[in-house]
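# Examination of the molecular architecture
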Amino acid sequence: PKEISEALKTEPRAIAAHYDDASILFADIVEFTPMASTMMPLSLVDLLNEVFGCFDDLVDKYDLEKIKTIGDCYMVAAGVPRPRPDHAQALLDFALDMQAEIGRRTFGGRRLAFRIGINSGPVVAGVIGRRKFIYDLWGETVNMASRMESHGHSGVIQISRSTFDLVSAEFHCEARGPIEVKGAGRVETWSVTGRKPTLPG
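Read on for a plain summary of the structure. Owing to the predicted nature of the structure, the values given are computational and were not obtained by experimental measurement.

Moving on, we get to the nonpolar core. Leu-25 and Phe-94 are the most contacted members of the largest nonpolar core, which totals 42 residues. With residues up to four places along the chain from it excluded, the contact list for Leu-25 reads Tyr-74, Met-75, Val-76, Leu-91, Phe-94, Ala-95, Met-98, Ile-116, Gly-117 and Ile-118. The next biggest cluster of nonpolar side chains, apart from the first, holds 19 residues, and it includes Ile-24, Cys-73, Ala-77 and Val-142.

Per the stated rule, a full pass over the model turns up 15 salt bridges. A salt bridge links Arg-105 to Glu-101; the nearest nitrogen and oxygen atoms lie 3.8 Å apart. For Arg-105, a relative accessible area of 23% gives the class partly exposed. The residue Asp-165 makes a salt bridge to Arg-161 at a minimum N-O spacing of 3.1 Å. Within this pair, Asp-165 and its partner Arg-161 are both found in helix H6 (residues 161-167), separated by 4 residues, close to a single helical turn. What makes Arg-161 partly exposed here is its relative accessible area of 36%.

Another point: helix H5 (residues 140-150). Inspection of H5 places Thr-141, Val-142, Met-144, Ala-145, Met-148 and Glu-149 among the buried residues, and these make up the whole buried set. Down the axis, H5 shows its buried residues gathered within 165 degrees of arc, on one side only.

Here helix H3 (residues 41-61) spans 30 Å end to end across 21 residues, near enough to the 30 Å set by a 1.5 Å rise per residue. The complete set of buried residues in H3 reads Leu-44, Leu-47, Leu-48, Val-51, Phe-52, Cys-54, Phe-55, Leu-58 and Val-59. The buried residues of H3 occupy an angular sector of 150 degrees when projected down its axis, which confines them to one face. Those residues of H3 that are exposed and aimed more than 90 degrees away from the buried face are Leu-42, Val-45, Asn-49, Asp-57, Asp-60 and Lys-61.

Rules used throughout
Residues numbered from 1 in each chain as written. Predicted model: local features only at pLDDT ≥ 70, side-chain atom pairs only at ≥ 80, totals over all residues. Heavy atoms only, no water. Core = buried A, V, L, I, M, F, W, Y, C linked by side-chain atoms within 4.5 Å. Buried < 20%, exposed > 50% of the residue type's maximum accessible area, 1.4 Å probe, protein only. Contact = heavy atoms within 4.5 Å. Salt bridge = Lys/Arg side-chain N within 4 Å of Asp/Glu carboxyl O. Helix = DSSP H or I, 4+ residues; strand = E, 2+ residues; numbered from the N terminus. Arc of directions from axis to C-beta. Expected span 1.5 Å × (residues − 1).

Below, the structure is given as structure tokens:
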């Protein structure tokens, strides 16, 4: 983020801040490993570049913060480093746009499916280390967002209770029942299917 890079230029040191309210999204290509094993390396990189380039455009559209990509996984946050009251709603709009893009086009000539998971809550964000600086996030909120994705289903935006409480008035959410999450026990989940129409007036 611009604010963080400016601070690092002024004083190169570890930077960290706590944010009470943020939302984190993880998105992952379904069946990526078997697909990757059948592709030439350059074709695989081109495909990922096309996918992530498409998502990057949506990040800009909603003024979100792309955190990183790990293999075929894409991580985005809202509410860091600039707090915003609509962090969960902005990330849901982004996720629905992602779904729409994935559904209407091919990448590298292939149809892809994604699992998407979102969680909301407090995080620590910052930059550590001396090489290849990366702005990253830590905390249980991040871990649970990752679990929302990894325990999700193809083509589904799966959210936690904390995100549901923030967005249920504006988005159609369907209860998916509890899932077992290591270290957290049984956790309630919902899938988001669309935005509710705004009432006139």
